[in-house]
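Observations on the model geometry
Below are the chains, spelled out letter by letter.
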Amino acid sequence: MHLFALGLNHHTAPLSIREKLAFPAEVLPKALDSLVSSHAAREAAIVSTCNRTEIYCTGSDPQAALSWLAKFHGLALAEMQPYLYQLDEANAARHAFRVASGLDSMVLGETQILGQLKDAVRSAEHAGTMGTLLNGLFQRTFAVAKEVRSNTAVGASSVSMSAAAVKLAEQIFPTIGELNILFVGAGEMIELVATHFAARNPSCITVANRTLERGQRLAEQFGGNAVTLAELPDILPRYDVLVTSTASQLPIIGKGMVERAIKARRHRPIFMLDLAVPRDIEVEVGKLADVFLYSVDDIASVVEVGKEARQSAAAEAETIIQARVCEFSDWLKKRETVPLIRALRDDADRLRRAALDAALKQLARGEAPERVLETLSVQLTNKLMHPPTRALSSGRGAEHDAQVEAVARLYRLHPES
């Protein structure tokens, strides 16, 4: 059984491909169960964010996991193949360490991905698909991320995606303080973005969510109000800024809805930021006049601030990661010997029990304890020494020399002294 990872991210695939392979939170339990129950993997964890979909597995056939991924999403493997990467044990560990440390993110050094990785691990634990190897990988992953954050400046001066959303809006409108802002969704990403917009004291904040109660809880944090998604067509014309991030599998804001809103606004511009994967806003909306539509990939140019300084720190982080990858590889190699160690101890215990049974029978017959103990020790010594003695007496040439060296090393013997 081997550990491996496969997936795609913002470096290898455009948003139009990434959204086809996303795993919304409510789908994860079913997906993890399907992946393991189909025998495509023994252990599994799935990381699915706006920038990446990655599967960390243990199993004997990575191709089976790839085929499962294509089948689960109803795609042809050939359609996915150009965008996918497949990583063996050491490279899977290096990749996980880099992702957790913010070195593989759209925003170099960002910290949100670490929380998303921990969420993925919790989902796998709840689904019962975590095992010894993946648990070992992710515990080391989190430790490496902490070490990198503590000993390098890779996260210094980084501009988060939520802060970048405000910067984009400020490129279109002179001041946030005069704007009405609508957030669609009530998850972690919306909360982060809302925090940055609220700091600019906008005129109005509204949260639209499928569940009104959850939307109200978030809106109350910022002195705003909440509505349901069903009210979007009626209220959209009132808002200058719309930020959306839901788990919907289909767009919830279509071209027709936006066209009507623009007409009602008498062509005053609307800034729209779609942070969802799959997208919440139909792509065609971006072609409308007076609409400034940005996706998660469009933010990349805004988050370059301070990148050079963080890249210098990233080199230090890579050194730390390489050392920890070597340690993890050593741990995996030692894990491979566990079945052999178990078999060796089981065999020794079998010999022990056989010798003990014989000794107990001798004592039951009234034989002298001293003689029984002597016989027991001789029998155990002969039986335990038989395999190495036979190895030393067999073979020839290089094979014999290797056996002699191995026995001498295992038993710490130095015949020449």
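None of these values were measured; they are calculated from a predicted model. Just so you know, the residues in each chain are numbered from 1, in the order the chain's sequence is written. For this predicted model, a pLDDT threshold of at least 70 governs which residues receive local features, and a threshold of 80 or more governs which side-chain atom pairs are given and counted, while totals over whole chains, interfaces and linings are taken from all residues. Only hydrogens and water are set aside; all other atoms, that is, all heavy atoms of the structure, feed into the side-chain values.

This brings us to the UniProt feature "binding site: NADP(+)" (unreviewed entry) in the chain. UniProt marks G185, A186, G187, E188, M189 and I190 with the feature "binding site: NADP(+)" (unreviewed entry), using the numbering shown here. Checking the named residues against the largest pocket, the ones that line it are G185, A186, G187, E188, M189 and I190. Runs of E in the DSSP output that reach at least two residues are strands. Runs of H or I that reach at least four are helices, and both are numbered from the N terminus. Along the chain, G185 falls in the loop between strand 5 (180-184) and helix 9 (188-198). Any pair of residues with heavy atoms lying within 4.5 Å of one another is described as a contacting pair. If near-sequence neighbours (up to four positions away) are discounted, G185 is found in contact with I190, V207, A208, N209, L218, S245 and T246. UniProt positions are given in the numbering used here, feature names are shortened, and annotations may be inferred rather than shown by experiment. We place a 1 Å grid over just the protein atoms. Points where a 1.4 Å probe fits but has no way out form a cavity, open points with protein on both sides within 12 Å along at least 5 of 7 lines form a pocket, and any residue with an atom within 4 Å of a point lines it.

Before going further, it helps to examine the packing of aromatic side chains. Between rings of Phe, Tyr and Trp, where Trp is taken as its six-membered ring, a pair exists when centres lie within 6.5 Å; planes separated by under 30 degrees are stacked, by over 60 edge-to-face, and by other angles tilted. Going through the model one piece at a time under the given rule, you end up with nine aromatic pairs. An aromatic cluster of three or more residues is present, and its members are F23, W68 and F72. Across the ring face of F142, the terminal group of K118 is positioned such that the distance to the ring centre comes to 5.6 Å. For a Lys NZ or an Arg CZ to count as sitting over a ring, it must be within 6 Å of the ring centre and within 35 degrees of the ring normal. Its guanidinium or amino end placed over the ring of W331, R140 lies 4.4 Å from that ring's centre, counting from NZ or CZ.

This part takes up the pairing of strand 9 (residues 270-274). Only protein chains enter the area calculation, which uses a 1.4 Å probe; residues under 20% of their type maximum are buried, those over 50% are exposed, and those in between are partly exposed. Most of strand 9 sits out of view: five of its five residues are buried. The side-chain alternation of strand 9 yields two buried faces, one formed by I270, M272 and D274 and the other by F271 and L273. Here strand 8 (residues 241-244) pairs with strand 9 via four bridges, running parallel. The residue bridging V241 from the neighbouring strand is F271, located in strand 9. For the segment spanning strand 8, helix 12 (residues 255-264) and strand 9, crossover handedness is right-handed. Judged from the five bridges that link them, strand 9 and strand 10 (residues 291-295) form a sheet pairing that is parallel. Paired with F271 across the strands is F292, a residue of strand 10. Strand pairing follows a simple DSSP-based rule, namely that at least 2 bridges must link the two strands. Whether a crossover is right-handed depends on one test, that the path from the first strand over the helix to the second runs clockwise when the strands point away from the viewer.

Let us look at the layout of surface pockets. Grid points are joined across faces, edges and corners, and a volume is the space filled by probe spheres set on the points. Of the voids in this model, the largest pocket is the one considered here, and its volume is about 1100 Å³. Lining the largest pocket we find 36 residues, and of these A25, G187, S245, T246 and A247 sit closest to its centre. Residue assignment for the lining of the largest pocket shows that the elements contributing at least two residues are strand 2 (43-48), helix 6 (112-127) and helix 9. Here the lining of the largest pocket gets five residues from one element, more than from any other, and that element is helix 6. Residue classes in the lining of the largest pocket are distributed as 18 nonpolar, 13 polar and five charged. Structurally, the lining of the largest pocket is a two-domain feature, drawing no fewer than three residues from each of domain 1 (1-156 + 307-331) and domain 2 (159-301). L344, P387, P388, L410 and Y411 are, among the 13 residues lining the second largest pocket, the residues nearest its centre. For the lining of the second largest pocket, the secondary structure elements donating two or more residues are helix 14 (338-364), helix 15 (369-393) and helix 16 (397-410). Ranked by residue count, the leading element in the lining of the second largest pocket is helix 14, at six residues. Here the term charged refers only to Asp, Glu, Lys and Arg, the term nonpolar to Ala, Val, Leu, Ile, Met, Phe, Trp, Tyr, Cys and Pro, and the term polar to all other amino acids, Gly among them. As used throughout, domain bounds are those supplied by an automatic or database domain assignment.

A word on the sheet that holds strand 5. Spatial strand order, 7-6-5-8-9-10: six strands in an open sheet with parallel pairing. Lying at the two open borders of the sheet, with one neighbouring strand each, are strand 7 (225-228) and strand 10. Each adjacent strand pair in this sheet contributes to an overall mean axis angle of 20 degrees, direction not counted. Axes here refer to lines fitted to C-alpha atoms; in helices the fit is confined to the stretch in contact. Angles between the N-to-C directions go from 0 to 180 degrees. Here helix 10 (residues 212-221) sits on the sheet in contact with strand 6 (204-209) and strand 7, set at roughly 160 degrees to strand 7.

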